[in-house]
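Here is what each chain is made of, one letter per residue.
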There are 2 protein chains.
Amino acid sequence: MASSPDSFKIGIAGLGTVGVGVVKILQQNQDLIAARAGRSIEIVTIAAKDQSKDRGVDLSTYEWADDLLSLAQNTDIDCLVECIGGDDGIVKETVQSALENGKDVVTANKALLAKHGVSFSKIAEENNCALLYEAAVAGGIPIIKTLREGLAANEINSVFGILNGTCNYILTTMEKTGRDFDDVLKEAQDLGYAEADPSFDIDGIDAAHKLVLLAGLAFGVEPDFDALEISGIRSITAHDIKAAKELGYTIKLLGITKHINDQYIQTLEPCLVPSYSAIAQVDDAYNAVMTDGDFVEQTMMQGKGAGEGPTASSIVADLIDLAKGYKPHAFGQTSAKLKKVEWQNNEELECPCYLHLVVKDEPGVLAEITSRLSELNISIDSLLQHGHEEDGSARIIIMTQTAPFKTTSESVKSVEGLDCVLDKPTLLRIEEV
Amino acid sequence: MASSPDSFKIGIAGLGTVGVGVVKILQQNQDLIAARAGRSIEIVTIAAKDQSKDRGVDLSTYEWADDLLSLAQNTDIDCLVECIGGDDGIVKETVQSALENGKDVVTANKALLAKHGVSFSKIAEENNCALLYEAAVAGGIPIIKTLREGLAANEINSVFGILNGTCNYILTTMEKTGRDFDDVLKEAQDLGYAEADPSFDIDGIDAAHKLVLLAGLAFGVEPDFDALEISGIRSITAHDIKAAKELGYTIKLLGITKHINDQYIQTLEPCLVPSYSAIAQVDDAYNAVMTDGDFVEQTMMQGKGAGEGPTASSIVADLIDLAKGYKPHAFGQTSAKLKKVEWQNNEELECPCYLHLVVKDEPGVLAEITSRLSELNISIDSLLQHGHEEDGSARIIIMTQTAPFKTTSESVKSVEGLDCVLDKPTLLRIEEV
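Rules behind the numbers
For every chain, the first residue of the written sequence is number 1, and numbering continues from 1 onward in sequence order. Numbering of ligands from 1 and lettering of chains from A proceed in the order in which they are written. Confidence filtering applies because this is a predicted model: local features only for residues at pLDDT of at least 70, side-chain atom pairs given and counted only at 80 or more, and all residues used for totals across whole chains, interfaces and linings. In computing side-chain values, all of the structure's heavy atoms are included and hydrogens and water are not. Each helix is a run of DSSP H or I of at least 4 residues and each strand a run of E of at least 2, with the numbering of both proceeding from the N terminus. In this description, contact between two residues means that some pair of their heavy atoms is separated by no more than 4.5 Å. Type-normalised accessible area, obtained with a 1.4 Å probe on protein chains alone, sets the label of each residue: buried when under 20%, exposed when over 50%, and partly exposed for intermediate values. Two strands pair if DSSP finds at least two bridges between them. By definition, the buried area sums, over both parts, the 1.4 Å-probe accessible area that each loses when the two are put together. Every case where a carboxyl oxygen of Asp or Glu lies within 4 Å of a side-chain nitrogen of Lys or Arg is listed as a salt bridge. Throughout this description, a polar contact denotes any pair of N or O atoms lying within 3.5 Å of each other; where both atoms belong to protein, one of them has to be capable of donating a hydrogen while the other can accept it, and for residues adjacent in sequence the pair is counted only when both atoms sit in side chains. Structural elements are reduced to axes, namely lines fitted to C-alpha atoms, with helices fitted over the stretch in contact, and the angle between N-to-C directions of any two is expressed from 0 to 180 degrees. Should an angle fall under 35 degrees it is called roughly parallel, over 145 degrees roughly antiparallel, and 65 to 115 degrees roughly perpendicular, with every other angle called oblique. Crossing handedness is read from the near helix: turned anticlockwise from the far helix by less than a right angle, it gives a left-handed crossing, and turned clockwise, a right-handed one. Ten residue types, Ala, Val, Leu, Ile, Met, Phe, Trp, Tyr, Cys and Pro, are classed as nonpolar, four, Asp, Glu, Lys and Arg, as charged, and the remainder, Gly among them, as polar. We place the copies in one frame by least squares, fitting the C-alpha atoms of every residue whose pLDDT is at least 70 in both.

Caption draft 1: Structural context of the side chain of Ser-335 of chain A. Mapped onto the elements of the fold, Ser-335 of chain A is located in the loop between helix H12 (308–323) and strand E12 (343–344). Excluding anything up to four places from it in sequence, Ser-335 of chain A contacts Val-118, Ser-121, Lys-122 and Glu-125 of chain A.

If you want it as structure tokens, here you go:
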């Protein structure tokens with residue numbers, strides 16, 4: 001294919017699901033994309049480990065780059081599309097080299113950006129190019145553009161996100177079927193919704209990468225992944241989900257970041273949200289992000305958070321912006337203006353809590369626990385006692401009244417030490433969104 | 001206030017709720033707006049009927065324009081913010097004059113744009129300026145930017161919107177309380193949620209203006225308000241809402257536009273949607289827009305659809321884009337590329353329907369109606385008979401199976417002619433979103 005002098009020329013590094021999705025959109029929708037971008041977007045060069053593999057898409061008119069660095073430095077391209085993954089090594093070098101050579105970079109790589117986003121955005125500014133990453137957070141949902149531009153008139157107070165489709169699928173299926181975590185995880189793995197090593201998803205790492213990027217954009221601060229405390233969903237049982245439901249709540253793995261007074265808070269943890277709330281209705285593999293701004297108030301976006309089509313849709317949206325000559329700053333303002341803040345974790349939040357205790361099924365146990373909580377100044381809002389197990393244990397579910405989470409959390413550690421408490425308690429925060 | 005040479009200078013025409021909201025945001029968030037825009041946004045001149053009225057905001061540092069046209073032509077401003085309303089006369093002249101003088105225009109005026117959007121966008125292109133209108137559709141929800149940019153990689157298949165907060169508030173309240181339309185409308189008027197003359201909202205005109213703008217953007221076509229058939233919510237009764245709920249549905253006033261095969265369809269009407277669907281959960285004065293794109297699939301955004309803060313948030317977002325030097329085309333591509341299409345209405349859609357008949361409470365009536373429907377090839381999916389009224393009438397609720405709406409609609413006209421049918425039937429489409 002002869003290269004057109006005024007087209008926007010790209011090189012794609014990585015031809016897995018996402019890279020192939022980008023090729024498919026650019027081929028299938030080329031006319032409407034050209035109309036919207038004001039010129040055509042042209043794939044000039046590609047790179048992937050295996051050149052011979054059949055990827056179900058015609059790659060015959062594109063040049064294969066010799067290696068990633070030569071692709072990044074190819075003088076024929078305006079933009080590098082990075083679809084490889086990984087937060088260091090050759091991928092980092094490739095992205096950095098492209099930016100240093102004045103090429104725009106579009107990526108879905110949340111891990112890379114959570115770690116190097118600020119330094120990369122500085123390099124982009126020095127070289128008059130852009131670093132865009134709509135696809136890195138919540139797949140097809142244009143939440144990066146929404147925070148960076150659509151809500152830019154607002155001081156953002158908070159962002160809540162369901163940011164990992166695998167976790168949301170597991171929690172939703174547990175709620176719908178009453179089955180336990182391990183069982184549903186195994187099914188999700190069999191169906192290909194979860195990886196063979198599911199840790200990255202279910203321990204919250206993937207969602208955490210996305211959360212720190214949202215926090216950076218929302219508040220105009222440097223993302224700080226290392227400052228984030230992360231809890232995944234491994235410890236959530238069918239009992240918890242059932243008890244929460246009885247009490248009018250749904251358990252969701254939430255990324256939460258808030259700017260309250262002069263405190264910046266970020267936390268990634270399973271929380272109870274009211275079952276009637278919009279965010280509780282977001283089921284299966286869907287993602288959602290709810291924002292609160294001082295003038296716009298609450299808005300929420302939801303959609304597919306992963307997969308070939310949605311992720312590639314976001315990458316190509318970034319490419320269209322760049323082809324139009326629109327090159328926004330990675331975090332919505334110059335990197336020099338981004339504040340470096342001290343992050344607090346969920347201990348600073350005031351909230352009611354859900355406490356699940358497995359105790360000896362004996363007279364006096366309930367009195368012992370409630371009086372200990374009372375001594376510790378934890379007020380009980382409601383209490384459920386669940387059945388009597390064959391092993392001589394019983395389950396107590398307590399909803400505490402609003403208190404600093406730090407206080408509730410420390411009190412629960414003290415209750416955990418009681419002889420009548422048989423297992424590690426489950427303590428979850430309630431977010432009355 | 002001394003004018004800064006590199007600030008983005010605006011004039012605001014109209015200081016009602018929205019205009020005052022814009023002033024408040026620009027004052028209160030001026031530092032963060034300047035950081036995001038890369039320069040400050042400065043109000044230079046303002047115009048409103050009454051200069052002496054206390055609007056609860058300090059206007060003392062702004063010049064008052066002598067009249068709207070002199071504001072539009074003021075050589076000191078880069079952009080006109082139109083917050084007056086009305087689709088013709090001096091408002092039209094003012095906007096046109098600003099564009100002809102190469103000034104960007106930002107407006108929340110959906111009626112003006114539904115009528116003159118295409119001709120204005122041509123004038124904007126000829127004069128290298130922009131016409132932006134995020135605030136015109138769904139208040140604080142950045143759905144214009146989302147369709148124009150965030151989802152720009154996709155061929156859009158359909159857009160569904162809850163686009164009028166007053167109607168959604170009325171329908172939600174009817175569902176929650178079981179009260180009838182007139183009663184809830186009166187309350188909404190007393191509370192200030194509905195106008196003294198509510199026709200613009202409840203007859204669907206306001207939502208219809210918004211829908212045609214969404215259709216234009218989604219499909220790259222010229223909006224055509226005159227081709228849109230509009231049904232409002234006046235005829236929806238408490239009985240309908242209750243029966244729909246029993247059957248697992250919620251009634252929403254929906255703006256719907258679809259591009260199926262080579263047909264373009266737009267319709268604004270109350271429909272039944274499954275109660276579990278995301279769009280059914282959007283309550284009270286909230287707005288929501290659900291889109292379906294060929295790669296991104298379904299996404300939905302929801303938020304406040306009106307009010308000072310949300311509407312002004314969208315206007316200022318447009319101003320920030322412009323201050324950055326980003327001037328997108330009004331309908332996402334040059335006006336010359338917008339297709340002029342022939343619009344179809346809901347008759348072209350295939351759908352199940354909800355039919356509510358008030359009939360004589362006599363033996364044989366049910367058989368007469370069902371056999372007539374059967375003769376007309378309308379298959380019944382389910383049927384409810386509701387109580388016996390004191391006046392000797394009974395209510396029959398029928399859910400029909402999927403058929404072209406035109407066929408079902410014509411059949412119902414025939415049933416309407418039966419002696420046993422006492423009142424005009426209510427026929428609503430079911431959208432299985």
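Caption draft 2: Looking closely at the environment of Val-159 of chain B. Residues and elements named next belong to chain B. On the secondary structure map, Val-159 appears in strand E7 (residues 156–162). Its relative accessible area of 0% is what places Val-159 among the buried residues. As for Val-159 and Thr-291, which are separated by 132 residues in sequence, their C-alpha atoms are 4.5 Å apart. Excluding residues that lie within four positions of it along the chain, Val-159 makes contacts with Leu-214, Ala-218, Gly-255, Ile-256, Thr-257, Val-289, Met-290 and Thr-291.

Caption draft 3: Spatial organisation of the sheet that holds strand E2 (residues 41–47) of chain B. All names here are of chain B. As summarised here, the arrangement of the 6 strands in space is E3-E2-E1-E4-E5-E6, forming an open sheet in which the pairing is parallel. Pairing within the sheet leaves two strands with one partner each, and these edge strands are strand E3 (63–64) and strand E6 (131–132). Across 6 bridges, strand E1 (residues 8–13) lies against E2 in parallel orientation. Note on E2: the bridge partner recorded for Ile-10 is Ile-43.

Caption draft 4: Quick look at the interface of chain B and chain A. Taken together, the contact between chain B and chain A spans 46 residues of the former and 46 residues of the latter. Overall, the association of chain B and chain A removes approximately 4100 Å² of surface from exposure, summing both partners, and the carbon and sulfur fraction of that is 54%. Of all residues in chain B, the largest losses of buried area upon contact with chain A belong to Arg-36, Ala-153 and Phe-295 of chain B, amounting jointly to 18% of the total for that side. Taken together, chain B and chain A are joined by 4 salt bridges. Lys-145 of chain A is the salt-bridge partner of Glu-149 of chain B, the closest N and O atoms lying 2.6 Å from each other. At the junction of chain B with chain A, the criterion picks out 20 residue pairs in polar contact (both at pLDDT 80 or more).

Caption draft 5: Seen up close, the packing of helix H7 (residues 165–177) of chain B against helix H8 (residues 181–190) of chain B. Residue and element names in this part refer to chain B. Taken N-terminus to C-terminus, the directions of H7 and H8 make an angle of 125°; their axes are 9 Å apart at the nearest point. For the element pair H7 / H8, the angle class is oblique. Relative to H8, the crossing made by H7 is right-handed. Here Tyr-169, Ile-170, Thr-173 and Met-174 of H7 come into contact with H8, specifically with Phe-181, Val-184, Leu-185, Glu-187 and Ala-188. Along the lines of polarity and charge, the residues of the contact of H7 with H8 split into 7 nonpolar, 1 polar and 1 charged.

Caption draft 6: The relation of the copies chain B and chain A, seen in detail. Once chain B has been moved 0.0 Å along the axis and rotated by 180°, it coincides with chain A to within an RMSD of 0.0 Å. What the superposition gives is, in effect, a two-fold axis relating one chain to the other. The C-alpha atom lying nearest the rotation axis in chain B is that of Met-301 of chain B; the distance is 2.1 Å.

Caption draft 7: Quick peek at the environment of His-388 of chain A. Residue and element names in this part refer to chain A. Examined against the element boundaries, His-388 turns out to sit in strand E14 (residues 380–388). The class for His-388 is exposed, based on a relative accessible area of 60%. The sequence separation of His-388 and Leu-427 amounts to 39 residues, and the corresponding C-alpha distance is 21 Å. Other than its neighbours up to four places away in sequence, His-388 contacts Asp-361 and Ser-393. Within the structure, His-388 has its side chain in polar contact with the side chain of Asp-361 (distance 2.6 Å).

Caption draft 8: Broad picture of the pairing of E2 of chain B. Residue and element names in this part refer to chain B. With 7 of its 7 residues buried, E2 lies for the most part within the structure. Relative to E3, E2 runs parallel, the two sharing 2 bridges. In the sheet register, Thr-45 faces E3, and the bridge partner there is Glu-63.

Caption draft 9: Fine view of helix H2 (residues 30–37) of chain B. Of all the positions in H2 of chain B, only Leu-32, Ile-33, Ala-35, Arg-36 and Ala-37 of chain B are classed as buried. Those residues of H2 of chain B hidden inside the fold are in contact with helix H10 (205–219) of chain A together with helix H1 (17–28), E2 and helix H12 (308–323) of chain B. A positive backbone phi angle near 85° is found at Gly-38 of chain B, which sits one or two residues after H2 of chain B.

Caption draft 10: Spotlight on the sheet that holds strand E2 (residues 41–47) of chain A. All names here are of chain A. One open sheet holds the 6 strands; their spatial order is E3-E2-E1-E4-E5-E6, and the pairing between them is parallel. If you trace the sheet from one side to the other, it starts and ends with strand E3 (63–64) and strand E6 (131–132), each paired once. Across the sheet, helix H1 (residues 17–28) lies against strand E1 (8–13) and E2, angled at about 150° from E1, the strand it touches most.

Caption draft 11: How the structure looks around the pattern of salt bridges. All names here are of chain A. Applying the stated criterion to the full structure yields 46 salt bridges over all chains. The partner of Lys-145 in a salt bridge is Asp-321, and the shortest N-O contact between them spans 2.7 Å. Of this pair, Lys-145 sits in helix H6 (residues 143–150) while Asp-321 sits in helix H12, and the two are 176 residues apart along the sequence. Classification of Asp-321 as buried rests on a relative accessible area of 1%.

The quantities given are spatial measurements derived from coordinates; they are silent on function.
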